[in-house]
Number of protein chains: 2
Amino acid sequence: MPPTSEHVRPSPPPEEPAARALYDAMTGAAGPAATGWTGPPRLPEPPRPGEKVLILGAGVAGLTAAYELSRIGYDCTVLEATGRVGGRSRTVRKGDELYEIDDRTGAPVRTHTCRFDDGLHADLGPGRIPYHHRRVLSYCREFGVPLEPYVMETTANLVRPPHLSHPLPNRRVANDTRGHLAARLAETLTADDAFTREVRDLLRVFGALDDNGKYSVAQRSGHLHDPAAGEPFPVPVPPLTFEELVGSGFWKTRFYQPLDHPWQPSMFQPVGGMDRIVEALARQARVAGADLVLGAEVTDIAITAGTDPPRARVTYRKGGRTLTAGARHCVSSIPVPVLRSIGRAGFSTAFESALRVVEFEKTCKVGWQAERRFWEDDGTRIYGGISWTSHAITQLWYPSTGYFSGRGTLTGAYNFAEVAERFGALPTGERLAVARAGAAELHPEFADETLVPQDKGITIAWHKVPYQLGGWPEWNPDREDHRTAYHRLLQPEGGDVFHVTGDQISPLPGWQEGAMMSAQYVTQQILGVMPRTVREVVTVPDSVALTQGLI
Amino acid sequence: MPPTSEHVRPSPPPEEPAARALYDAMTGAAGPAATGWTGPPRLPEPPRPGEKVLILGAGVAGLTAAYELSRIGYDCTVLEATGRVGGRSRTVRKGDELYEIDDRTGAPVRTHTCRFDDGLHADLGPGRIPYHHRRVLSYCREFGVPLEPYVMETTANLVRPPHLSHPLPNRRVANDTRGHLAARLAETLTADDAFTREVRDLLRVFGALDDNGKYSVAQRSGHLHDPAAGEPFPVPVPPLTFEELVGSGFWKTRFYQPLDHPWQPSMFQPVGGMDRIVEALARQARVAGADLVLGAEVTDIAITAGTDPPRARVTYRKGGRTLTAGARHCVSSIPVPVLRSIGRAGFSTAFESALRVVEFEKTCKVGWQAERRFWEDDGTRIYGGISWTSHAITQLWYPSTGYFSGRGTLTGAYNFAEVAERFGALPTGERLAVARAGAAELHPEFADETLVPQDKGITIAWHKVPYQLGGWPEWNPDREDHRTAYHRLLQPEGGDVFHVTGDQISPLPGWQEGAMMSAQYVTQQILGVMPRTVREVVTVPDSVALTQGLI
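Our subject in this report is the structure included herewith. (Residues numbered from 1 in each chain as written. Chains lettered and ligands numbered in written order. Predicted model: local features only at pLDDT ≥ 70, side-chain atom pairs only at ≥ 80, totals over all residues. Heavy atoms only, no water.)

1. With respect to the overall build of chain A
The number of helices and strands found in chain A is 14 helices and 23 strands. By the compact-globule yardstick of 24 Å for 551 residues, chain A fits well, its C-alpha radius of gyration being 26 Å. Structurally, chain A occupies a C-alpha span of about 85 × 60 × 45 Å along its principal axes. Looking at the 551 residues of chain A, the share that counts as buried comes to 63%. (Helix = DSSP H or I, 4+ residues; strand = E, 2+ residues; numbered from the N terminus. Rg over C-alpha atoms; globule rule 2.2 N^0.38 Å. Buried < 20%, exposed > 50% of the residue type's maximum accessible area, 1.4 Å probe, protein only.)

Written out as structure tokens, the structure reads:
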């Protein structure tokens, strides 16, 4: 379907190039602003309007490709194996079903039917949007998806370090650490020149040191008693000692993840659930003419070199029947570990080798419904953010929405790698029991099943989810074979026939922005406005740093 | 009016004492939770239901006292000098008028009529609620005032330090400082025992150091280019040198204020403006039977010792007439500098001395309407938070609401003391010109009057506002005369006749929580459930620390 006027993207907000250039000069390349992406891609008409494109997978990347290609005039069909759009962007609500592959039989089995109350949801996939993920933010603005702040950290959040039997509030750990480090550095400053005096003054403010450069009062860590009129002014909590802090190993819980670039404030979330984004993408792709076929499981992909130009032929099962579809281009967002087990013909040996290299990360989440927001009570006063623990649940997310209301949902676990493998190996009921115990180490209320009902808990082990088999590719920039494979997968097969897309082949694995970035990239390769061959030097993303932070 | 069932406060949410105690034990007195305020005061019936109370001033404290005293059965009349409730809780919208005292004539003159577009507002008084200000949060919950997150800091906010001609983003300054301080401390660690190795590991994560303990790559400070598929992975911005950071004097701009206890996340704001709170208080006080009299300017206050029990008699002007009112108790939230110039009879010499001690802080704010949210553009990507500058405007607040929408309002200045005195001495047009220039040093777009219209700008110098004469009392805990005065003002005059209330005589000057705390305290003194005499040792709050942070 050719684009009509209603499919034309609205103009971006006006820009003042002069002011912008001045600003850039003033800030000295202050950050991501200066160069790079300058707005949604402004794409030309395709060389042959109406040319067929087959898109495999209706996740964030597949839907973005379907939208972008359809709106400029390609004839897109999306084949999606499951009965829903979104892929790993997975919001669960009452009645939603989850499936995992049974370890023994290898067959998918239903693990949960969500029993949240009406109006509640949990994001089991992506759960937040960094402020510098401009593609995600841009699509939300374009499609009218309302956003609200996602709170990554509050000083009321808790940390339960490996070598401590009880949790501590973030404010005590963060501020006392800053204070002790500043005081220790101040001790080493013996000079009295102007520069050193300035450093001392910086340390005084940085660490809340007293006038002697000591960390004697934990001014920023809260009070033993709340202030009250007519009472002595509240007594600060005593500082934790440096030995207590270091001995606790608190930083090994990913406590400082909120400092890393992907998780710095501001972050956002769609009002009502992350799947508002994929729903909007699917709706807009359909409006632009794309055909979305659900329940279509791809079994074979062939690049037919005998035709001119070459084409792709895809075989899929739908409703018990085997069907085929052909197209000039095929864009596959199928995760590499899944693609490996799909029949392929006409692919290069280099591509086949590349497919074998990267594994997907093991990762699990847990969703809880709580009948009362006990974490907002005076005992803890937590409104959003994350508590960190050395328990297998790794982290506990509080809702960044519905503050002060009655019920709420929490992310009761989000873990990785070996921890996720062991956790995901448990039957779902046992996973919930373990997750409850881990959360109860932070909030005793979790032990109360009337407050946090067992039958409303829900878990997912992404590495066991059919058609996904993991959270994101484990790219490792230190591995030569990863560099070779990543480079190969950035380039289409069969000339310009078969393109791999998704966060899996983007600089931002595990993030929706990466999926959109890759889909826009592939769209531009198909159009010929982006080279189809990639220079040799391509840096492989550090998946661990980008999904778990500096650990 | 006696209380009826509809005035009975709903029960607080259920508490699990056992779980709470366990939690407290686990967290080791983790903060404000453990003791102190345990919920809204549960007040008994007054000794003489229907007994008259005169409340002077309909700000946060006066309205809280009116609500609390009325709902338990006192007969309350509130005399408010201005034509509106709220006092320093001041939200301006289209058509609202501001007045200041003319320096030459000493008479109030209208300085502004607000010309914001419909639906926009600015808070010229309190603008945020800390998560530990439980009285404010509790009243909001009780009265159904919806709250949303107030964002104090994002890493995209700017700082323009005293010794630097251009602004820098928060993320570069904050993360590069942390990195350099960590690296310098790591350099001093020569031992190789287990503890020192742990400290090195802490420093590595704290400062994002490389494996050699150096701060070589500014991993957390953003990227020169945004990531793009098929491109080399984004290059981090180069670190600022330690000499650049220290030389800039950035911390002298109050850059670290968000670390101090009052401004730590979470913070909240009422949806639609801070005056939603005083409106709700006024409505509920009226429902509980209080009589709110606007435009009633108090001229004389007498404590009549000749009666038994003693009473208060208040003379006020309203609509050109002079009226008097008598009551068993009088609760005055009139700011001390204003109270000084009101006629008084029957007050003790100790009280008279106390009134002369404390001055109110000079402080100004500016409100701007911007026709487009240019700060959210790719150049800066600021969504809420505060930019800090050594310019007289001191700080620039971005709206914590309406993200991604069209227009928005900003707080274009919030300054203190000598800076505010000089700024407030300017005619309002010049104030706006200065504020525009200061903001344009952060965002060149401010220079564009089509983007930030001059006639929609608004300013206030609180120390020149009639019936206010300042922002909050400048209590100084180091001053003996302040200790004496503060102690005196905590106790009623004439036995139990005349009570001073407000944030001015609370542990939290400058905060609504202090006003509510004081009003609840006075209410309990009147009821006799709180002693009317105060033990000698009362710590005076440090007003500068509580309103401006560690500077």
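Now that the structure is up, let's keep going.
2. Things to note about the relation of the copies chain A and chain B
Overlay of chain A on chain B (RMSD 0.0 Å): rotation 180 degrees, translation along the axis 0.0 Å. Put plainly, the chains are arranged around a two-fold axis. Considering only C-alpha atoms, the residue of chain A closest to the rotation axis is L185 of chain A, which sits at 2.8 Å. (Least-squares fit on C-alpha atoms with pLDDT ≥ 70 in both.)

3. Structural notes on the interface of chain A and chain B
Contacts between chain A and chain B engage 110 residues on the former and 110 residues on the latter. Both faces considered, chain A and chain B share a buried interface measuring about 10600 Å² in area, 62% of it formed by carbon and sulfur atoms. In this structure, the connection of chain A to chain B is made through eight salt bridges. A salt bridge links K252 of chain B to E198 of chain A; the shortest N-O distance between them is 2.7 Å. (Contact = heavy atoms within 4.5 Å. Buried area = accessible area lost by both parts, 1.4 Å probe. Salt bridge = Lys/Arg side-chain N within 4 Å of Asp/Glu carboxyl O.)

4. Concerning the pattern of salt bridges
Counting across every chain of the model gives 77 salt bridges over all chains. Linking R197 of chain A and D192 of chain A is a salt bridge whose minimum nitrogen-to-oxygen distance equals 3.8 Å. The exposure class of D192 of chain A is exposed, given its relative accessible area of 52%. Taking the shortest distance from any N to any O, the salt bridge between E371 of chain B and K456 of chain B comes out at 2.8 Å. You can see E371 of chain B sitting in the loop between β18 (363-370) and β19 (386-389) and its partner K456 of chain B sitting in the loop between α11 (428-440) and β22 (458-461), a full 85 residues away along the chain.

5. With respect to the state of the cysteines
Put plainly, two cysteines are in a disulfide when a covalent bond ties their sulfur atoms together. Counted by the stated rule, this structure contains zero disulfides over all chains. Between C330 of chain A, a cysteine without a disulfide, and C76 of chain A, which holds the nearest cysteine sulfur, the sulfur-to-sulfur distance is 11 Å. Of the cysteine sulfurs around C364 of chain B, a residue in no disulfide, the closest is that of C114 of chain B, at 17 Å. (Disulfide = S-S within 2.5 Å.)

6. Focus: the sheet that holds strand β17 (residues 343-345) of chain B
All names here are of chain B. Read across the open sheet, the four strands follow the order β15-β14-β13-β17; overall the sheet is mixed. The two strands at the open ends of the sheet, each matched to only one other strand, are β15 (321-327) and β17. Adjacent strand axes in the sheet meet at a mean angle of 15 degrees when their direction is disregarded. Two elements, strand β14 (residues 311-318) and β15, share seven bridges in a ladder whose sense is antiparallel. If you follow Y316 over to β15, its bridge partner there is L323. (Pairing = 2+ DSSP bridges. Axes fitted to C-alpha atoms, helices over the stretch in contact; angles between N-to-C directions.)

7. Observations regarding helix α13 (residues 512-527) of chain B
All names here are of chain B. Here α13 contains 16 residues, and its C-alpha end-to-end distance of 23 Å stays within 8% of the 22 Å for a straight helix at 1.5 Å per residue. Among the 16 residues of α13, 16 are classified as buried, and the element is accordingly described as predominantly covered. One or two steps after α13, the chain reaches G528, where phi turns positive at roughly 85 degrees. (Expected span 1.5 Å × (residues − 1).)

8. Topic: the sheet that holds strand β11 (residues 267-270) of chain B
Residue and element names in this part refer to chain B. Taken together, three strands build an open sheet; the order of strands is β7-β11-β8 and the sheet is antiparallel. Every interior strand has two partners, whereas the edge strands, β7 (129-130) and β8 (147-150), have only one. With two bridges joining them, β7 and β11 adopt antiparallel strand pairing. The partner of I129 across the bridge, within β11, is F268.

9. Some points on the packing of helix α4 (residues 170-188) of chain A against helix α5 (residues 194-207) of chain A
Residue and element names in this part refer to chain A. It is at 8 Å that the axes of α4 and α5 come closest, and there the two elements cross at 160 degrees. Taken together, the axis directions place α4 and α5 in an arrangement best described as roughly antiparallel. Handedness of the crossing formed by α4 with α5: left-handed. Together, R178, G179, A182, L185 and A186 of α4 and L203, F206 and G207 of α5 make up the contact between the two elements. Within the contact of α4 with α5, the residues separate by chemical class into five nonpolar, two polar and one charged. (Parallel < 35°, antiparallel > 145°, perpendicular 65-115°, else oblique. Left-handed = near helix turned anticlockwise from the far one by under 90°. Nonpolar A, V, L, I, M, F, W, Y, C, P; charged D, E, K, R; others polar.)

10. Here's the deal with the environment of A186 of chain A
All names here are of chain A. Here A186 lies in helix α4. Classification of A186 as buried rests on a relative accessible area of 14%. Residues A186 and E418, 232 residues apart in the sequence, show an inter-C-alpha distance of 41 Å. If sequence neighbours within four positions are ignored, A186 has contacts with L203, L209 and G213.

11. Structural notes on the packing of aromatic side chains
Counted according to the given criterion, the structure contains 54 aromatic pairs over all chains. Residues Y383 of chain A and Y403 of chain A carry aromatic rings whose centres are separated by 6.4 Å and whose planes lie at 70 degrees to one another, so their mutual orientation is edge-to-face. Of this pair, Y383 of chain A sits in the loop between β18 (363-370) and β19 (386-389) while Y403 of chain A is found in the loop between β20 (395-397) and β21 (408-416), placing the two residues 20 residues apart along the sequence. For the pair Y383 of chain A and Y403 of chain A, a shared accessibility class is recorded, and that class is buried. Ring centres 5.2 Å apart and planes at 90 degrees place the aromatic pair F250 of chain B and F255 of chain B in the edge-to-face group. When its relative accessible area of 1% is taken as the criterion, F250 of chain B is described as buried. Following the ring pairs from residue to residue traces out a cluster consisting of Y150, W397, Y414, F416 and W472 of chain A. Across from the ring centre of Y414 of chain A, 4.4 Å away, lies the NZ or CZ of K365 of chain A, which sits over that ring. (Phe/Tyr/Trp six-rings, centres within 6.5 Å; stacked < 30°, edge-to-face > 60°. Lys NZ or Arg CZ within 6 Å of the ring centre and 35° of its normal.)

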